[in-house]
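# Architecture and fold: a report
Read off the chains here:
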Amino acid sequence: MTLEQRINEDIKQAMLAKEAQRLTALRAVKAAILLEKTSGSAHEVTDGDVVKIMQKLVKQRKESAQVYTEAGRSELADNELAEAGFIEAYLPKQLTPEELQARLTEIIAEVGAQSPADMGKVMGVATKRLAGLADGKEISATVKQLLAK
């Protein structure tokens, strides 16, 4: 069962269970998938594409929650965070900072990077290997830290 099919099945279950927040979050994922399918690209939407879409949606919701919190609208922030939580359940487990650092150390050694000037080489390999496992900002910050040593 593909990730898209699983989301469609879970939408039906959320409707039957009358889980409004979960239903809203899953419908947003489905809408984003349909948008990707009809965007004019000639390729089939894979599970990898669906994961990227969901990561983008989670990031948007967390940023919105932060804005709502700063504006004193905690009820809206809670709603955004709840939706992000429902979507995150479908994403692969994220690496801990220690695991990320260990993987990036291996990549740096493999690429032969010595200084911050080699960051581009490391980021090219790291973003491909760690796609879906860590946020790009976290990868970038950790690479900078490791290369500065």
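## Examining the overall build of the protein chain
Tallying secondary structure elements over the protein chain gives seven helices and zero strands in all. Across its three principal axes, the protein chain shows a C-alpha extent of roughly 55 × 45 × 25 Å. For the protein chain, buried positions account for 34% of its 149 residues. If you sum the accessible surface of the protein chain, you get close to 9100 Å²; carbon and sulfur atoms cover 55% of it. Between the averaged position of the 21 positive side-chain charges in the protein chain and that of its 22 negative side-chain charges there is a distance of 2 Å.

## Remarks on the nonpolar core
Counting residues in each nonpolar core, the largest one holds 21 residues, and the members touching the most others are Ile7, Val29, Ile33, Val50, Met54 and Ile87. Apart from residues no more than four positions distant in its own chain, Val50 is found in contact with Leu3, Ile7, Ile33 and Val45. Leu95, Ile108, Val122 and Ile139 belong to the second-largest nonpolar core, a separate cluster that totals 16 residues.

## Let's talk about the confidence of the model for the protein chain
Averaged over the protein chain, the pLDDT score is 89; the fraction of residues at 70 or greater is 99%. The secondary structure element of the protein chain with the lowest average pLDDT is helix H7 (residues 136–148), at 86, and the one with the highest is helix H1 (residues 3–17), at 95.

## Things to note about the packing of helix H2 (residues 20–37) against helix H3 (residues 47–70)
Taken N-terminus to C-terminus, the directions of H2 and H3 make an angle of 130°; their axes are 10 Å apart at the nearest point. Between H2 and H3, the angle is such that the two are oblique. In this structure, H2 crosses over H3, and the sense of that crossing is right-handed. Residues Ala28, Val29, Ala32, Ile33 and Glu36 of H2 form the contact with H3, whose own contacting residues are Val50, Ile53, Met54, Leu57 and Arg61.

## Details of H1
For H1, built from 15 residues, the straight-helix expectation of 21 Å at 1.5 Å per residue is met to within 8% by its first-to-last C-alpha distance of 21 Å. Every buried residue of H1 is accounted for by Leu3, Glu4, Ile7, Asp10, Ile11 and Ala14. Across the axial projection of H1, the buried residues extend over an arc of 115°, all falling on one side. Elements that come into contact with the buried residues of H1 comprise H2 and H3. Two residues or fewer past H1, Lys18 is found with a positive phi of approximately 55°.

Definitions and limits used
- Residues numbered from 1 in each chain as written.
- Predicted model: local features only at pLDDT ≥ 70, side-chain atom pairs only at ≥ 80, totals over all residues.
- Heavy atoms only, no water.
- Helix = DSSP H or I, 4+ residues; strand = E, 2+ residues; numbered from the N terminus.
- Buried < 20%, exposed > 50% of the residue type's maximum accessible area, 1.4 Å probe, protein only.
- Areas by Shrake-Rupley, 256 points an atom, 1.4 Å probe, with all protein chains shown as cover.
- Lys, Arg positive; Asp, Glu negative; His and termini not counted.
- Charge placed at Lys NZ, Arg CZ, Asp CG, Glu CD.
- Core = buried A, V, L, I, M, F, W, Y, C linked by side-chain atoms within 4.5 Å.
- Contact = heavy atoms within 4.5 Å.
- pLDDT = per-residue confidence, 0-100.
- Axes fitted to C-alpha atoms, helices over the stretch in contact; angles between N-to-C directions.
- Parallel < 35°, antiparallel > 145°, perpendicular 65-115°, else oblique.
- Left-handed = near helix turned anticlockwise from the far one by under 90°.
- Expected span 1.5 Å × (residues − 1).
- Arc of directions from axis to C-beta.

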